[in-house]
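# Notes for the structure review
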Amino acid sequence: KNAIRYTLECSAATAESLRAWLDEQPHVDAMDWDIQGAEHQLLEHTSDVLEAKVARLIMGTHGGPRAHAAMRNKLVARGWRIVYDVAHQSRMCTAHVSRYLRGYYAKPDNPDRFNWTALLRARGESAEDRCTRDTPRGPVANWDGELIADNPRFVNVSIGFSMSDMTLKAHDLLLPSHAKHERRGPSAAIVLPRSNAVHRAPTSAHMASPNFRCELVNQASYATCELGRSFGCDPASGSMWVTKCRGTFLCASHTVRCGWPPGLPAHNCSCVSPVTAAVAAPEFLPNSTPLPPEGTPFDPGLHTLNLLDNTMHEHHPVMRQVPSLIFPVEREYLVEWNGLRVRARYDCDIFNGDRHFGNHFYFYEVPTRWYACRQHDAALRSGIGFTAPALPMVDDEYHEQVAVYHAVLRAVAAHRVLPKRPLVFAELGARWGTWGSRAIAFGRTLAPSMDYSLLLVEVNRANCNALRDTMAKNAIRY
C-alpha cells in the first residue's frame, strides 16, 4: 500500500548478520535498537563497523540504571556524542509506572491508571529517585532507558543538534569532499507537496513602517528569515508576507505563524485575526510554559501538550517540518501523520478485545498511541470519512520520534546535494516496524525521488506477521 522496500530478519539480532548487512551499505543514517538487553553484547562485537558506517544510534537500554550508565560510558569512550539521555527506571519506580500509567493492565477502567499527580509524586529507593525523567518539554514516564548518540565521523557535532533546539539544524551531515562544490547549504529548503490554497507573492508595497513592525521570533525553515528579503509587513492590508521562509513572528504586536504549508513560493498571513482584533494577543509563548488560561491560542502544528504536568510546549522544530494532511478513514487501520497505515489492533487494545497485541504493552503506556486509538474510534462512531492525524504529545516516545525524523531530514538535505544518496535506516527489535516505516513514510513525503534501504529485525513471530502486514499495506519494498 505504501510501497516501502525493506529487508526483514525474523530472528535474533547477531553480530555476524548485522556486520554483513552493514558491509553492504554505503552509510546508515540511523539505527534504532530495542533488543531487550542484548545491546551490550551487540555493541561489543560491532562497535568498529558501527563507527565506520552509522551516523546516529537510537538505543533503548535494559537491565536497570547501572546497565544504562554502563552503556552510556561505552558510547562516550568510543567517541559518540550523546544527544539525549534518559536513564532506566529503578525497580521501585517501574512498579509506580506500572500502577499509575499502565494501571497494571488488569482491566480497562482501573482507577489508578493515568493518575498523573501520583506518578509525579512517586519516588523509588530514595527521595531523590524520582519516577519521571525531566526533558526539555517537561517530565516523561519511562520504563526502559534511552540513549541517542551521534557519530562525529559523519556529523558536524559543533553544530550541536539537541532536543532543546528552537531552530532547525538539519544540515549537519559531513558529506564527501567532492560534493562540497555542489552543496547549496541551508538555503536549500525541503519542498513539500503543494496545497490548493492561493498565496500572494510580496510586492514593492510590502514595506515595514514604524507603526506596523514585523519581527522574527522563531525560525522553522531551513532558509534564513531576513527582514525585507524573505519576510516583511504589508500595513495597507494588516498582514505580513514571507517567501521561502517559515516561522513564528511578532506582527503589529500579535503572534503570527506564517509560511505553512511549505513548498509554496510565498505566503501572506493576517496580523489581525477576528479573535486578536477583539482580544489583546498574549505574549509569545516560550518553549515550555504552564498551561495558559482558557481561550489562549493553540496551534496544533506549533504546540503540543504534556499530560503529566499539565503544560503546553512548542514542538521541536523537527516536528514542525511534518506537513498537516488529511486522509480517508479506513475501519481496520489507523493512519499516521505521513499517511502510514497500521492495523488498529496492533496498538489499540480497544480494537483487540481489550488485550495487548504481541509481547509488549503499549496502549496505556504511550499517550500519543492511545489518544490516536480513541480518535479513530470516535471517527468510526461518528461516520467521519476523513481524518487529520495530530502530531504527538510529549510522552515516552516523543524525543525518539524527533531523533528519527531528524535523521530523515538530514538524509533529505544530503539528497538535494547528492541525488543518488539513499536514506538508510535499520530497526532492531522492530515489532510492526514502527520506527523504520515512520522514517520511510516521512522521507517519501519530503523527497519522493529519494531511494532508501530499510533493515528490520524482529524475533517474535506474531510481530513478524504484523510487520509483513504493515509493509504490504504501505507498499514498503523489501
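Described below are features of the structure shown in this document. Source: prediction; values computed, not measured.

## Let's talk about the side chain of H68
Tracing the chain through its elements places H68 in helix 3 (residues 65–77). Judged by its relative accessible area of 3%, H68 is buried. For H68, the residues in contact, after removing those within four places along its chain, are T61, D85, V86, A87, H88, G145, E146 and L147.

## What to know about the packing of helix 9 (residues 398–417) against helix 10 (residues 434–446)
Remark: helix 9 packs on helix 10, axes separated minimally by 9 Å, with the N-to-C direction vectors making an angle of 40°. By the criterion of interaxial angle, the relationship of helix 9 to helix 10 is oblique. Considering the relative orientation of helix 9 and helix 10, their crossing is right-handed. From helix 9, E400, Q401, V404, Y405, V408, L409 and V412 reach across to helix 10, where they touch W435, R438, A439, F442, G443 and L446. Grouping the amino acids of the contact of helix 9 with helix 10 by side-chain chemistry returns nine nonpolar, two polar and two charged.

## Observations concerning the nonpolar core
In terms of nonpolar packing, the biggest core is built from 49 residues, with Y405 and L409 touching the most fellow members. Of all the secondary-structure elements, those providing two or more residues to this core are strand 5 (81–86), helix 9, strand 22 (423–428), helix 10, strand 23 (452–457) and helix 11 (461–473). For this core, the leading source of residues is helix 9, giving ten residues. Those residues in contact with Y405 that lie beyond four places of it in its chain are V318, M319, V322, W337, N338, R438 and F442. Formed by 26 residues, the second largest nonpolar core is a distinct cluster that contains W33, L57, L428 and V457.

## Quick look at the pairing of strand 8 (residues 145–150)
Of all six residues that make up strand 8, six are buried, and the element is covered over most of its length. Residues G145, L147 and A149 of strand 8 are buried on one face, and the alternating residues E146, I148 and D150, pointing to the opposite face, are buried as well. As defined by bridge partners, strand 4 (residues 56–61) adjoins strand 8 across six bridges and the pair is classed as antiparallel. Across the sheet, residue I58 finds its bridge partner in strand 8, namely I148. As defined by bridge partners, strand 5 adjoins strand 8 across five bridges and the pair is classed as antiparallel. Bridging from a neighbouring strand, I82 pairs with A149 of strand 8.

## Some words on the state of the cysteines
In total, this model carries four disulfides according to the counting rule given. Shown here is the disulfide that connects C93 with C131, its sulfur atoms set 2.1 Å apart. Measuring the twist about the S-S bond at about -75°, one finds the C93-C131 disulfide to be left-handed. Pair noted here: C93 is in helix 4 (residues 91–100) and C131 is in the loop between helix 5 (116–121) and strand 6 (133–135), with a separation of 38 residues, a long-range link.

## Considerations on the environment of V86
By secondary structure assignment, the location of V86 is in strand 5. Here the alpha-carbon distance between V86 and T132, two residues 46 residues apart in the chain, equals 9.7 Å. Other than its neighbours up to four places away in sequence, V86 contacts H68, R133, N142, G145 and E146.

## A word on the sheet that holds strand 13 (residues 254–258)
Read from one edge to the other, the open sheet built from three strands follows the order 9-12-13, with strand pairing classed as antiparallel. Of all strands in the sheet, those bounded by a partner on one side alone are strand 9 (214–219) and strand 13. Shown here is a sheet whose adjacent strand axes are inclined to one another by a mean of 30°, direction ignored. Summarising the sheet, strand 12 (residues 247–251) and strand 13 pair through five bridges and their orientation is antiparallel. Opposite L250, over in strand 13, you have T255 as the bridge partner.

## A closer look at unusual backbone geometry
Even without glycine at this site, D354 takes up a positive phi of about 60°. Among the structural elements, D354 can be located in the loop between helix 7 (344–347) and helix 8 (367–382). Classification of D354 as partly exposed rests on a relative accessible area of 47%. Located in the positive-phi region is R431, a residue other than glycine, with phi close to 50°. Summarising the element assignment, R431 is placed in the loop between strand 22 and helix 10.

Basis of the calculations
Residues numbered from 1 in each chain as written. Predicted model: local features only at pLDDT ≥ 70, side-chain atom pairs only at ≥ 80, totals over all residues. Heavy atoms only, no water. Helix = DSSP H or I, 4+ residues; strand = E, 2+ residues; numbered from the N terminus. Buried < 20%, exposed > 50% of the residue type's maximum accessible area, 1.4 Å probe, protein only. Contact = heavy atoms within 4.5 Å. Axes fitted to C-alpha atoms, helices over the stretch in contact; angles between N-to-C directions. Parallel < 35°, antiparallel > 145°, perpendicular 65-115°, else oblique. Left-handed = near helix turned anticlockwise from the far one by under 90°. Nonpolar A, V, L, I, M, F, W, Y, C, P; charged D, E, K, R; others polar. Core = buried A, V, L, I, M, F, W, Y, C linked by side-chain atoms within 4.5 Å. Pairing = 2+ DSSP bridges. Disulfide = S-S within 2.5 Å.

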